[in-house]
Amino acid sequence: MNCDRCKGDAVMHAAYSGAHLCEAHFCESVERRVRRRVRRDDLVPKDASPENPQTWVIGLSGGKDSVVLTQILHETFAEDPRIELVGLTIHEGIEGYRDKSLEACVDLAEDLEIRHEVVSYEEEFGVRMDDVVEDDPENMAACAYCGVFRRDLLSTYADELGADILLTGHNLDDEAQTALMNFLEGDVAQIAKHFDASLGPLSEREEQTEFVPRAKPLRDVPEKEVALYAHLADLPAHITECPHSSEAYRGEIQKLLYGLEENHPGTRHSIISGYEELAGIVSDQYSGDDGADLRECVECGSTTTREVCRKCSLLESIHAV
Ligand code: SF4
Ligand SMILES: [Zn+2]
Ligand SMILES: [Zn+2]
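Residues numbered from 1 in each chain as written. Chains lettered and ligands numbered in written order. Predicted model: local features only at pLDDT ≥ 70, side-chain atom pairs only at ≥ 80, totals over all residues.

A separate point is the overall build of the protein. On a plain count of helices and strands, the protein comes out with 12 helices and nine strands. What you see for the protein is a C-alpha radius of gyration of 20 Å, in line with the 20 Å of a compact globule of 321 residues. By principal-axis analysis of the C-alpha atoms, the protein measures approximately 65 × 50 × 45 Å. Counting only residues that meet the buried cut, the protein has 35% of its 321 residues in that class. Sequence separation of at least 24 residues holds for 73% of the intrachain contacts in the protein that already meet a minimum separation of 6. (Helix = DSSP H or I, 4+ residues; strand = E, 2+ residues; numbered from the N terminus. Rg over C-alpha atoms; globule rule 2.2 N^0.38 Å. Buried ≥ 20, exposed ≤ 12 C-beta atoms within 10 Å, placed from the backbone. Contact = placed C-beta atoms within 7 Å.)

Written out as structure tokens, the structure is:
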């Protein structure tokens with residue numbers, strides 16, 4: 001097959017758009033989608049200037065998604081004195097998994113000459129995920145512990161690094177799965193929160209003073225295309241799956257979406273565009289309801305709706321074993 005634009009050899013065919021693209025035009029199209037998303041989400045505020053630069057902290061796991069996001073943002077903003085990129089890697093303490101992907105993060109940050117910080121569960125909380133999984137004091141899936149710890153460290157360090165935005169490498173498949181899961185769980189409040197935390201254009205979100213706003217500029221790009229981009233651009237991405245990966249429900253939704261996408265190309269895109277529109281409306285409806293009973297955790301001072309935050313209560317039961 002030939003590229004639709006230059007008649008060179010096509011390296012990919014996107015069933016949802018009908019496009020056949022060669023390597024150069026495919027890479028360009030991925031980069032264009034990320035830049036368009038940065039614009040549409042108003043990520044660069046009007047008052048950003050070389051004297052008032054923005055700090056963008058990227059959650060850099062070393063997997064293909066965060067590596068591709070970092071690379072494209074670097075290419076876009078390397079010469080722009082208004083934006084400073086910082087990579088933040090969380091080490092969970094998972095033997096044979098995170099050590100390898102940490103190498104990928106270090107290589108990339110060195111290549112791109114961007115600041116890179118690494119924080120670990122072990123140093124911060126005195127726990128390693130490998131041990132948590134073995135003891136499992138709350139009888140939960142590994143990701144239920146791990147997600148709480150990761151979110152806590154990402155927001156603590158985003159804050160510490162003076163982040164204006166915290167960016168993560170969620171792709172179209174991830175976001176379509178989350179949208180469908182929220183919808184199927186009937187959790188309308190969660191949909192409103194999702195919009196205000198990470199989806200809507202910054203200018204349209206409900207103001208959140210307690211949390212660094214998040215952004216996902218890779219969310220228009222399907223997972224397979226992110227992987228292809230990482231491969232073609234020869235990026236140091238690490239592809240091994242986490243051995244404790246246990247999100248059973250998400251796995252089910254993922255399979256369902258693969259099937260739907262195959263029979264009805266474009267399903268992921270339409271789920272996301274409808275969901276985002278709906279989430280914006282719901283967030284307006286819910287505005288002011290949320291945050292009323294936020295307070296500080298008595299143990300660690302982080303913002304929570306309980307007396308002791310979820311992270312502190314999980315740590316307490318882990319340390320009690
Ligand atoms: S798959 Fe689960 S346990 Fe593994 S790193 Fe991700 S959240 Fe943690
Ligand atoms: Zn071409
Ligand atoms: Zn706490």
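What follows is about the site of ligand 1. Taken together, Glu92, Met129, Ala142, Cys143, Cys146, Gly147, Cys242, His244 and Ser245 make up all the residues around ligand 1. In terms of residue count, helix H6 (residues 142-160) provides more of the shell around ligand 1 than any other element does, four residues in total. For the shell around ligand 1, the class distribution of residues is five nonpolar, three polar and one charged. (Near = placed C-beta within 6 Å. Nonpolar A, V, L, I, M, F, W, Y, C, P; charged D, E, K, R; others polar.)

A positive phi angle, near 55°, is found at Glu113, a position not held by glycine. In this structure Glu113 comes out as exposed when scored by C-beta crowding, with 10 C-beta atoms within 10 Å. Although it is not a glycine, Asp136 adopts a positive phi angle of roughly 40°. By secondary structure assignment, the location of Asp136 is in the loop between helix H5 (129-135) and H6.

Here helix H8 (residues 188-199) has its buried residues at Ile191, Ala192, Lys193, His194, Phe195, Asp196, Ser198 and Leu199. Buried residues belonging to H8 abut helix H7 (172-184), strand S7 (214-215) and helix H11 (267-286).

Those residues carrying the UniProt feature "binding site: ATP" (unreviewed entry) are Gly59, Leu60, Ser61, Asp65, Ile90, Gly169 and Asp174 in this numbering. With respect to the helices and strands, the residue Leu60 is situated in the loop between strand S3 (54-59) and helix H2 (64-77). Among all residues touching Leu60, those that are not within four sequence positions of it are Ser66, Thr70, Gly87, Leu88, Thr89 and Cys105. With respect to the helices and strands, the residue Ile90 is situated in strand S4 (residues 83-91). (UniProt positions renumbered as here; feature names shortened; annotations may be inferred.)

Here the focus is the UniProt feature "domain: 2-thiouridine synthetase TtuA-like N-terminal LIM" (unreviewed entry) in the protein. As annotated in UniProt, the feature "domain: 2-thiouridine synthetase TtuA-like N-terminal LIM" (unreviewed entry) corresponds to residues 2-27 in the numbering used here. Secondary structure over residues 2-27 splits into 19% helix and 23% strand, and the C-alpha atoms at its two ends are 16 Å apart.

Now for the nonpolar core. Here is a general trend for soluble globular proteins: nonpolar side chains tend to be buried in one another's company. Formed by 68 residues in total, the largest nonpolar core has its most connected members in Trp56, Ile58, Val68, Ile165 and Leu166. Look past the residues within four positions of Trp56 in its chain and what remains in contact with it is Ile83, Glu84, Leu85, Ala163, Asp164, Ile165 and Leu167. (Core = buried A, V, L, I, M, F, W, Y, C linked by C-beta atoms within 7 Å.)

Relative to each other, H8 and H11 sit at 100°, their axes nearing to 8 Å. Taken together, the axes of H8 and H11 lie roughly perpendicular to each other. When H8 is examined against H11, the residues Val188, Ala189, Ile191, Ala192, His194, Phe195, Asp196 and Leu199 are found in contact with a partner set consisting of Glu276, Leu278, Ala279, Gly280, Val282, Ser283 and Tyr286. A class-by-class count of the residues in the contact of H8 with H11 yields 10 nonpolar, three polar and two charged. (Axes fitted to C-alpha atoms, helices over the stretch in contact; angles between N-to-C directions. Parallel < 35°, antiparallel > 145°, perpendicular 65-115°, else oblique.)

Where helix H9 (residues 223-232) is concerned, the buried positions are Glu225, Val226, Leu228, Tyr229 and Ala230. Residues of H9 that are buried make contact with strand S1 (12-14), helix H1 (23-40) and H2. Among the residues trailing H9, Asp234 stands out with phi positive, at a value near 55°.

For the rest of this paragraph, the subject is the environment of Ile72. Note that Ile72 resides in helix H2. Looking at Ile72, the number of C-beta atoms within 10 Å reads 23, which means it is buried. It is 8.5 Å that separates the C-alpha atoms of Ile72 and Arg35, two residues lying 37 residues apart in sequence. If we skip the residues at most four places from it in the chain, Ile72 touches Glu31 and Val34.

Spatial ordering of the open sheet is given by S5-S4-S3-S6-S7, a layout of five strands whose pairing is parallel. The sheet is open, and its two borders are formed by strand S5 (115-120) and S7, each paired with just one other strand. Direction of pairing for S3 relative to S4: parallel, over a ladder of six bridges. Opposite Val57, over in S4, you have Val86 as the bridge partner. (Pairing = 2+ DSSP bridges.)

What follows concerns the pairing of S4. Burial runs high along S4: seven of the nine residues are buried. Handedness of the crossover joining S3 and S4 through H2: right-handed. Following the backbone out of S4, through helix H3 (residues 98-112) and into the adjacent parallel S5, one traces a crossover that is right-handed. (Right-handed = clockwise from strand over helix to strand, strands pointing away.)

Looking at the secondary structure, you find Met140 in the loop between H5 and H6. The spacing of Met140 and Ser246 is 106 residues in sequence and 9.8 Å in space, taken between C-alpha atoms.

Looking along a regular strand, one sees side chains alternate from face to face of the sheet. Pairing geometry for S4 and S5, over six bridges, is parallel. Bridge pairing in S5 places Val86 opposite Arg115.

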